[in-house]
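Coordinate inspection notes
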Amino acid sequence: MTMTKATILYVEDSEDIAYFVTTALSRAGYNVVRVKDGEQGIAYLRENPEPDIILLDIILPDMTGFEFLQHIKRAHDGVPVVFHTSLTDTQDAIKGLELGAYDYIRKDIKLEELCARLDSVLARTGINSPVIRLSEKTYINVASATMFCCGKAYDVRITDIKLLRYLLQHKNKMCSREQLAGVLWGENINADIYLSQAITRIRGIIKSDTDISIKSVRNSGITLVVKE
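Remember, it's a predicted structure, so these values are computed and weren't measured experimentally.

Okay, the overall build of the protein chain next. Counting its regular elements, the protein chain contains 8 helices and 12 strands. Relative to the 2.2 N^0.38 estimate, which gives 17 Å for 228 residues, the radius of gyration of the protein chain is 18 Å and therefore close to what a compact globule would have. For the protein chain, the spread of C-alpha atoms along the principal axes amounts to about 50 × 35 × 30 Å. In the protein chain, buried positions account for 47% of the 228 residues. With an accessible surface of roughly 11,800 Å², the protein chain has 51% of that area assigned to carbon and sulfur atoms. Within the protein chain, one finds 28 positive and 30 negative side-chain charges whose respective centroids are separated by 10 Å.

Dropping the structure here:
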């Protein structure tokens, strides 16, 4: 069972396979968004907040899963991708992992194992972790939506947690404002305003921790700076 409800973008054209997998993942606590081909997957990523993980078939009607991964990699490199395929050739698995997939799962495994493997990926990426640690002095308790900084506790919003998680995955690297706004609020016309408000809230909390900071470049991007 997943510790928190994560969203999976599931790219699979087979109705029968999609039914059984979606049912199993939903029962395991996942929120599943299923699309039938690569173009629908790309459209979803363009128009909606990023999912927590992508479960991707390789043989699709309009493109291969390998091509889909290459297409989305630059804009959505923070989202872990797991291949779920009937292809059994070891070279296909090697290719998928070399392209940046977190796992390569064959469709003949039991659904319980599929859920366990996805849980493992989420644990490795920190998405399903009950605690997000930003520094020795600052961490977030995800379950209670509470951020602790230098011994003080602060209530935070779910979007603040998602923003910090994303920035932490890209720590010390600039993320564009457009990218961050899209990840959290999709096509909402006020997304950039909401992003600015979230950054202001977070800065107010972490200002006493000298090991982390958020730097902004006007009309460009935002960086979570973490001393290492």
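On we go from here.
Right, let's talk about the sheet that holds strand β1 (residues 7-11) for a bit. Sheet architecture is open: 5 strands sit in the order β2-β1-β3-β4-β5, paired in parallel fashion. This sheet does not close on itself; its edge strands, each paired only once, are β2 (31-35) and β5 (103-106). Strand-to-strand twist in this sheet, taken as the mean axis angle between neighbours without regard to direction, amounts to 20 degrees. As defined by bridge partners, strand β4 (residues 81-85) adjoins β5 across 4 bridges and the pair is classed as parallel.

The next thing to look at is the packing of helix α6 (residues 158-169) against helix α8 (residues 191-206). Between α6 and α8, the shortest axis-to-axis distance is 10 Å and the interhelical angle comes to 85 degrees. The angle between the axes of α6 and α8 places the two elements in the roughly perpendicular class. Judged by residue contacts, T159, D160, L163 and L164 of α6 engage L195, A198, I199, R201 and I202 from α8. Within the contact of α6 with α8, the residues separate by chemical class into 6 nonpolar, 1 polar and 2 charged.

Along the polypeptide, K73 turns up in the loop between α3 (65-72) and β4. A relative accessible area of 39% means that K73 is categorised as partly exposed. C-alpha separation for the pair K73 and A101, spaced 28 residues apart in sequence, amounts to 10.0 Å. In this structure, K73 is in contact with L99 and G100, ignoring residues within four places of it in sequence. From its side chain, K73 meets the backbone oxygen of L99 in a polar contact 3.5 Å long.

Within α3, the full set of buried residues consists of G65, F66, F68, L69 and I72. Mapping the buried residues of α3 onto a view down its axis gives an arc of 160 degrees, with all of them on the same face. Facing away from the buried surface of α3 by more than 90 degrees, the exposed residues are Q70 and H71.

What follows covers the packing of aromatic side chains. Considering all chains together, one arrives at 5 aromatic pairs under this definition. Measuring from ring centre to ring centre gives 5.3 Å for F66 and F83, while their planes differ by 75 degrees; the resulting arrangement is edge-to-face. A residue pair is termed long-range when its members are at least 10 positions apart, and F66 in helix α3 and F83 in strand β4 qualify at 17 residues. Judged by relative accessible area, which is 6%, F66 ranks as buried. Assessed through its relative accessible area of 0%, F83 is described here as buried. Linked through ring pairs, F66, F83 and Y104 together constitute an aromatic cluster.

The subject of this paragraph is the pairing of β2. Alignment of β1 against β2, held across 5 bridges, turns out to be parallel. Of the residues in β2, the one forming a bridge with Y10 is R34. Each parallel crossover has a hand, and the one from β1 via helix α1 (residues 15-27) to β2 is right-handed.

Attention now moves to the sheet that holds strand β12 (residues 221-226). Ordered by their spatial adjacency, 3 strands build an open sheet running β10-β12-β11, and the pairing between neighbours is antiparallel. Pairing within the sheet leaves two strands with one partner each, and these edge strands are β10 (175-176) and β11 (212-217). When β10 meets β12, the two strands line up antiparallel, connected through 2 bridges. Directly across from S176, in β12, lies its bridge partner G221.

Rules and cut-offs
Residues numbered from 1 in each chain as written. Predicted model: local features only at pLDDT ≥ 70, side-chain atom pairs only at ≥ 80, totals over all residues. Heavy atoms only, no water. Helix = DSSP H or I, 4+ residues; strand = E, 2+ residues; numbered from the N terminus. Rg over C-alpha atoms; globule rule 2.2 N^0.38 Å. Buried < 20%, exposed > 50% of the residue type's maximum accessible area, 1.4 Å probe, protein only. Areas by Shrake-Rupley, 256 points an atom, 1.4 Å probe, with all protein chains shown as cover. Lys, Arg positive; Asp, Glu negative; His and termini not counted. Charge placed at Lys NZ, Arg CZ, Asp CG, Glu CD. Pairing = 2+ DSSP bridges. Axes fitted to C-alpha atoms, helices over the stretch in contact; angles between N-to-C directions. Parallel < 35°, antiparallel > 145°, perpendicular 65-115°, else oblique. Contact = heavy atoms within 4.5 Å. Nonpolar A, V, L, I, M, F, W, Y, C, P; charged D, E, K, R; others polar. Polar contact = N/O pair within 3.5 Å; in protein donor to acceptor, adjacent residues only side chain to side chain. Arc of directions from axis to C-beta. Phe/Tyr/Trp six-rings, centres within 6.5 Å; stacked < 30°, edge-to-face > 60°. Right-handed = clockwise from strand over helix to strand, strands pointing away.

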